[in-house]
Structure formats: structure tokens, C-alpha cells
Amino acid sequence: LLSRSVFPFPVSVSFIQMVPAASIMVGQQLYVRSKYKSTAPFATCGWMMAGYQSLKAHRAQWRWGFLLGLCCIGGQVLHRVAMLHVSVSLIQVLKSCGPFFAASLAFFWARERLPTLAYASLVPIVGGVVLSARGQIHHHRETDGSSSIVGLMCSLASCFCLALASVGSKQMMNSLDGISSTNIWLVMNSWSALLLSPLVLYEMSTIYKFMDGSELGWTYVVGLLAVDALCVSFSFRLSMYLLEQISPTTHSVLTLCKRIVVICVAALYFGWDISLRSAVGIGISGVGTLCYAQSLSQGSKVRAELNSSDEPQPPEEMGINTSFRIDKSLSIGSILGRVVGKDS
């Protein structure tokens, strides 16, 4: 879709990918307004932009929505810009650095603490990514004689923006009571579509001129855009649901499995060769991912054992006689008098 001969407009493609969720948001809010006869324009606008119907917290949601919208724009647009310059497999390899960014942001921002073995397992993950990326760059230099620095930098910047959006979404779930992954999914897409709309309007004239001279026609391109938007929206919604259940670092590690699948499918579909160094790097990252999952499993078992040992035991098991009765006729004053009057 983003090849230079089909539709080389990253901003418009990113905007169209956010349209399904934004449309659901607008339709939902218009239905709520018509059903409950709301007469507060600012509150209704705040609901539409923030995505969560709460008058008391609409200012905080506006701030969160603006921040997450910018992160979503950075992650999506920079990813599409990188696709114009480098291959899909190289982009996915570079974006496998996500666990490192997510762990760093979660450690300093969200105060997330993981087992030491989990942080140690990030070393082979990132090391395998670096080895695989070097193999891909060397392969590109041998085949076409170049490797775009713009594509490499956009891939890493997109990875950082997505990690920031992941940690920020988890913080929003924890800070705002009652908000779910569905609300945050609507928040990010609505704000992103709102912020991108001026750029898309500015780009419309260029798109019409390009499509008039294109041999593919509007039907083919619109069909590709529709399929791409639906697939990305579903993937994004599923990703936010998983983030609601697990930590941002674990969520970022799980995305490595998706990236490995994308690399293999892209290599088969486009006929790209994966060098031996890249394959070894991917394997090392996979082993690091398994070590990370094992460390989290062991850490959860240790925490469960500690929590079970800290639970108070019943008095009968501790040897305490509980077969006494309390005389309810005794007043608090008489009880205190007996206690004070007794010898120690």
C-alpha cells in the first residue's frame, strides 16, 4: 500500500486507520446525547474528545487524551514513513527494541518493579535485535548498495512513541477510576484523528493529483485502505485489551512474537532473503523472551507463597482457647474499672 507507485502518503494512511474507532466514538456520543437530552455543549464535547462520560474527570481525560494522541500519531506516522525507505522486516527487527524502552519508561514513570532475572533477560532480547538489525543493514548494502538512515531513525522513534503510549495507557487505567481499555482505545484514535485532520486536508489536493495519474485507480487503492484500516483497528483493540491485563513491559515482550511472524510472512510474500546473522539474532531474541516469561512465572509463584504465609491463621490452630463468652451486660466503664483496679 505504501509503495511509491500505489499510495505514498503516510499521514493520510495513518488517519484512515484511526477512522473506524473515531467513528464509533462519535456515534456513541451522539447516541448518548440524544438519549439523555444533554444540554451542556462543553461537557458533551469533552465526552466526545475524552471518550469517557464523567464530568468530574473531563479535564484529566483531556490531558491524557492529548498526550496519548500525540504518542499514537508519532508511533503510526513514523512507522509509515519508515516503510517508504526500508523493508518491513528491518522495521520489525528495529521495533523489537520495544521491551527496552517499555521497561525503562515503566521503571522511572510507573515505578514498576520486576524480578532481577526479568531485567537480565532483556539483554539477550535487545542483543539479538541489534545483531539481526546489523545483518539486515549489511544485506541491504550488498543488494541495493544503500541503507536509509531516515528509515532507521523513524523506526526507532516509532518504537519509542509506542512504548510511551503503552506505559501512558496503563497509567491512565490506574489513575482514572472506571476507565477501560475500550475507552482508551477510543481516546487515542479520536485525538489522533483530530490532530491529523488539518494535515490530511492540506494533503488532499496532492492526493487527487497523484491518483489522477495513477494506473491502479481509486477502487483498488480504496479497497487496500479499507482492509488496512480494519486490520490495524482490530489489532490495536486487541493490544489494548492485553495491556489491561498485564504490565507494559510484559505487553511489549509479547509483541515480539507478532514481529517475528511479520518478518517471516513479509520475507515469504515479498521474496526477501533473511541473512544468517539476522536469523541468529531473531533466535536469540526469542530465547530471551522465553527467559523473561519464565522469570515472571517464578516471581508470581514466590509472591503467592509470601502472601499465603502472611495470612493470619485461625486462633484454634495457634493454640488459643476461644471457648469463652462475653457478658454483654458489662458496660465499657465497668470493664475499664476492673482493668485499672487490677494489679499488673
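For the structure itself, consult the block above.
Residues numbered from 1 in each chain as written. Predicted model: local features only at pLDDT ≥ 70, side-chain atom pairs only at ≥ 80, totals over all residues. Heavy atoms only, no water.

Asks: Help me get a handle on the overall build of the protein chain, residues and values and all.
Replies: Per the secondary structure count, the protein chain includes 12 helices and zero strands. Overall, the protein chain shows an N-to-C arrangement of helices and strands of α-α-α-α-α-α-α-α-α-α-α-α. Buried residues in the protein chain amount to 42% of all 344 residues. A total of about 19,400 Å² of accessible surface is found on the protein chain, and carbon and sulfur atoms cover 66% of it. (Helix = DSSP H or I, 4+ residues; strand = E, 2+ residues; numbered from the N terminus. Buried < 20%, exposed > 50% of the residue type's maximum accessible area, 1.4 Å probe, protein only. Areas by Shrake-Rupley, 256 points an atom, 1.4 Å probe, with all protein chains shown as cover.)

Asks: So what about the environment of Y220? Which residues, and what values?
Replies: As for its position among the elements, Y220 is in helix α9 (residues 218-245). C-alpha of Y220 to C-alpha of V6: the two residues are 214 residues apart in sequence and 9.3 Å apart in space.

Asks: Residue-level account of the nonpolar core, with values.
Replies: Nonpolar side chains in soluble globular proteins generally cluster together in the buried interior. Counting 28 residues, the largest nonpolar core has M172, I184, W185, M188, L196, F236 and M240 as the members making the most contacts within it. Going through the elements one at a time, α1 (10-36), α3 (58-83), α7 (149-175), α8 (181-212) and α9 are the ones with two or more residues in this core. Apart from residues lying up to four places away in sequence, M188 is in contact with L68, G69, C72, A165, S169, F236 and M240. Counting residues in each nonpolar core, the second largest holds 14 residues, with A82, L94, C154 and C159 among its members. (Core = buried A, V, L, I, M, F, W, Y, C linked by side-chain atoms within 4.5 Å. Contact = heavy atoms within 4.5 Å.)

Asks: Explain the packing of α7 against α8 to me, and be specific about the residues and the numbers.
Replies: Direction vectors running N to C along α7 and α8 enclose 130°, while the axes themselves pass 10 Å from each other. As the angle between them shows, α7 and α8 are arranged oblique. As α7 runs across α8, the sense of the crossing is right-handed. Across from A165, S169, M172 and M173 in α7, the residues of α8 making contact are S181, I184, V187 and M188. (Axes fitted to C-alpha atoms, helices over the stretch in contact; angles between N-to-C directions. Parallel < 35°, antiparallel > 145°, perpendicular 65-115°, else oblique. Left-handed = near helix turned anticlockwise from the far one by under 90°.)

Asks: How would you sum up the packing of aromatic side chains? Please name residues and give values.
Replies: Evaluation of the coordinates by the stated rule reveals eight aromatic pairs. Judged by centre distance (5.5 Å) and plane angle (85°), the ring pair of F9 and F210 falls under edge-to-face. A residue pair is termed long-range when its members are at least 10 positions apart, and F9 in the segment before α1 and F210 in helix α8 qualify at 201 residues. For F9, a relative accessible area of 6% translates into the label buried. Put simply, the rings of F7, F9 and F210 pair up and form one aromatic cluster. (Phe/Tyr/Trp six-rings, centres within 6.5 Å; stacked < 30°, edge-to-face > 60°.)

Asks: Provide a residue-level description of the packing of helix α5 (residues 98-108) against helix α10 (residues 248-270), including the pertinent values.
Replies: Packing of α5 against α10 brings their axes to within 8 Å, and their N-to-C directions diverge by 175°. With respect to α10, the axis of α5 lies roughly antiparallel. Along the contact surface, α5 presents G98, P99, A102, A103 and A106, while α10 presents P248, T249, S252, V253 and L256. A per-class count over the contact of α5 with α10 returns seven nonpolar, three polar and no charged. (Nonpolar A, V, L, I, M, F, W, Y, C, P; charged D, E, K, R; others polar.)

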